[in-house]
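A structural walkthrough
Listed below are the residues making up each chain.
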Amino acid sequence: MSTTENPANQVDQDGFKTVQGRRANKPKTEKKPEVSPAEQEADRRRKYKTAATIVHQVLQNVVSAAVEGASIQKLCVDGDEEITKLTGAAYPKAKKEMSKGIAFPTCVSVNNVVSHFSPLPSDELAGATLAKGDVVKIQLGAQIDGYAAVQTETIIVGATKEDPATGRKADVVKAAYNAAQAALRQFKVDEKNWTVTDTIAKVAGQWDCKPVEGMLSCEHTQGAIDGKKRIILNPTPEQRSSHEKASFVAGEVYGVDVLVASNPDGKCKAAETRTSVYQRVGGINYQLKLKASKSLIENVEAKAGYFPFNLRALDDITKARVAIQEGERHGVFRPYEVTQTPKDTFVAAYMFTVLVTEQGPALLTEPSGWYSEDKLKTEKQLADDEIKSLLATEVNQVKSAGEVKVTEKKPGAKRIRRPKAAGAAE
């Protein structure tokens, strides 16, 4: 006996029931709630501040460990490992594709070394240690979803209130700290980048010091710390004429690196130390020939994106050393060279990350935890009334995101659901 098929029981090619050829149970697509510009900005600030909070936590630990006899290489390795661990613990419910990690590898540069010293195990200076009286600059950065905070702190090993540092070491640290504080207060809407350049030079001169020639501070954008708007220190006449003028706009974020030297002209040159910190240059897609070079690009983009990285973080340091040379020749990678001022001079640095707001500058990173006037005994004092007045103004601090903690899961442990308190938010 023949029968006719019930249209209600028909199924289309995707497995959905149909009635008269139409899907009867087409799934409803849930619309994502629209996010207002105010909510987007709050989320952006929260991520910047979370990165800054992690930087503060790690920097405090590295500063505490930077004592006489400490291994510079170990300080750098420990700093990077802690940044990686803490950024990995932040935003645990975020999508896997959210970028989190190191925005600038930990560098520990001593005395006349300006910056970017972070030795590899195979380097000649891998065994370098800190000595009492060393002027030590510690720089590191973290990023959450591409929003980066970078900070530098300068300490003098062994300097205390009871046994303060003296002479040119004390001069250069005071000059750099006060120059950074004055620069911070200049990040107001419509202020010019050249105002910051000139202010830093003016403050450094109060202690007969000079900003390090040609050093740059850049705007931060999502995924990058080398934006188009920049501030240059102690420019040469050629740099002053060619450097682009810029005005600050509300919502912009800057990483401001104030480096001050005790030598009379602030000039520096490349050190003989091998470079270990590099950066993938955005917008450069030159087809490298070596197979190892192509593999290196993939490795770097997966681990660091377009943020600076240490060769130590890559899968094979030896191969990376060779492969990166081709990339550097063709502009695919930018080296962060180790530079230095003349022997028997000193460099101090304070870097901060700041948000420009309609109400004025808002500090994202935390204030220096080591600096204290009574650790530094100098004969020179700040005499300029205009600078004194500027330093007396208050600066807003972006609200803390709270300490980031790493939760260790125990094998076999089960999550216990606790009853929700009355009135608790969903």
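Figured I'd write up the structure that's included with this text.

A short note on the pairing of strand E17 (residues 347-357)
Of all 11 residues making up E17, 11 are buried, and the element is well covered by its neighbours. Of the two faces of E17, the one holding Val347, Ala349, Met351, Thr353, Leu355 and Thr357 and the one holding Ala348, Tyr350, Phe352, Val354 and Val356 are both buried throughout. Two elements, strand E11 (residues 253-261) and E17, share 9 bridges in a ladder whose sense is antiparallel. When the bridges of E17 are listed, Val260 appears paired with Ala348. Note: E17 against strand E18 (residues 360-363), 4 bridges, orientation antiparallel. Among the inter-strand pairings, Val354 is bridged to a residue of E18, identified as Leu363.

As for the pairing of strand E5 (residues 135-144)
Counted residue by residue, E5 has 10 buried out of 10 residues, so it is predominantly covered. With burial as the criterion, each face of E5 is covered, one bearing Val135, Lys137, Gln139, Gly141 and Gln143 and the other bearing Val136, Ile138, Leu140, Ala142 and Ile144. Looking at chain direction, strand E3 (residues 100-110) and E5 are connected through 8 bridges and run antiparallel. When the bridges of E5 are listed, Lys100 appears paired with Ile144. By the bridge criterion, 10 bridges tie E5 to strand E6 (residues 147-156) in an arrangement that is antiparallel. Bridging from a neighbouring strand, Ile138 pairs with Glu153 of E6. Where E5 folds back on E6, the antiparallel hairpin that results is connected by 2 residues, among which Asp145 adopts a positive phi of roughly 60°.

Thoughts on the packing of aromatic side chains
Under the definition given, this model contains 10 aromatic pairs. With a centroid separation of 3.6 Å and an interplanar angle of 5°, the aromatic rings of Tyr177 and Tyr371 are classed as stacked. Within this pair, whereas Tyr177 is found in helix H3 (residues 167-184), its partner Tyr371 is found in the loop between E18 and strand E19 (376-377), the two being separated by 194 residues in sequence. With a relative accessible area of 12%, Tyr371 lands in the buried category. Arranged with centres 6.1 Å apart and planes meeting at 75°, the rings of Phe309 and Phe333 form a pair that is edge-to-face. Residue Phe309 is found in strand E14 (residues 309-310), and its partner Phe333 is found in strand E15 (residues 333-335); the two are separated by 24 residues along the sequence. By relative accessible area, Phe309 is classed as buried at 5%. According to the relative accessible area criterion, Phe333 is buried, its value standing at 2%.

Some words on the sheet that holds strand E13 (residues 277-280)
Reading across the sheet, the 3 strands line up as E14-E13-E15 and stay open at both edges, with antiparallel pairing between neighbours. The open sheet is flanked by E14 and E15, the only strands paired with a single partner. Bridge analysis of E13 against E14 gives 2 bridges, and the strand direction is antiparallel. Across the sheet, the residue bridging to Tyr278 is Phe309, located in E14.

Comments concerning helix H7 (residues 317-329)
Taking 1.5 Å of rise per residue, 13 residues should cover 18 Å, and H7 covers 19 Å from first to last C-alpha, within 8% of that figure. The principal kink in H7, of about 30°, is found at Ala323. For H7, the capping residue at the N-terminal end is Asp316, with a side-chain oxygen 3.1 Å from the backbone nitrogen of Thr318.

Concerning the sheet that holds strand E16 (residues 339-340)
The strand order E4-E16-E12 describes an open sheet built from 3 strands, whose pairing is antiparallel. A strand with exactly one partner marks an edge of an open sheet, and here the two such strands are strand E4 (113-115) and strand E12 (269-270). Examined bridge by bridge, E4 and E16 share 2 bridges and lie antiparallel to one another. Looking at E16, one finds that Ser115 is bridged to Thr339.

Examining the pattern of salt bridges
Throughout the structure, instances matching the rule amount to 21 salt bridges. Between Asp43 and Arg46 there is a salt bridge; the shortest N-O distance is 3.7 Å. Residue Asp43 and its partner Arg46 are located together in helix H1 (residues 37-65), separated by 3 residues, close to a single helical turn. Across the pair Asp315 and Lys303 runs a salt bridge whose closest N-O atoms are separated by 2.7 Å. Of the two residues, Asp315 sits in the loop between E14 and H7 while Lys303 sits in helix H6 (residues 291-303), which places them 12 residues apart along the sequence. With a relative accessible area of 62%, Asp315 lands in the exposed category.

Quick look at the packing of H3 against helix H4 (residues 193-205)
H4 packs onto H3 with a crossing angle of 150° between their chain directions and a minimal axis gap of 8 Å. By the angle between their directions, the pair H3 and H4 is classed as roughly antiparallel. Handedness of the H3/H4 crossing: right-handed. Contacts between H3 and H4 involve Ala175, Asn178, Ala179, Ala182 and Ala183 on the former and, on the latter, Val196, Thr199, Ile200, Val203 and Ala204. Residue composition of the contact of H3 with H4, grouped by class: 8 nonpolar, 2 polar and no charged.

Parameters at a glance
Residues numbered from 1 in each chain as written. Predicted model: local features only at pLDDT ≥ 70, side-chain atom pairs only at ≥ 80, totals over all residues. Heavy atoms only, no water. Buried < 20%, exposed > 50% of the residue type's maximum accessible area, 1.4 Å probe, protein only. Helix = DSSP H or I, 4+ residues; strand = E, 2+ residues; numbered from the N terminus. Pairing = 2+ DSSP bridges. Phe/Tyr/Trp six-rings, centres within 6.5 Å; stacked < 30°, edge-to-face > 60°. Expected span 1.5 Å × (residues − 1). Bend = angle between axes of the 7 residues up to and from the residue. Polar contact = N/O pair within 3.5 Å; in protein donor to acceptor, adjacent residues only side chain to side chain. Salt bridge = Lys/Arg side-chain N within 4 Å of Asp/Glu carboxyl O. Axes fitted to C-alpha atoms, helices over the stretch in contact; angles between N-to-C directions. Parallel < 35°, antiparallel > 145°, perpendicular 65-115°, else oblique. Left-handed = near helix turned anticlockwise from the far one by under 90°. Contact = heavy atoms within 4.5 Å. Nonpolar A, V, L, I, M, F, W, Y, C, P; charged D, E, K, R; others polar.

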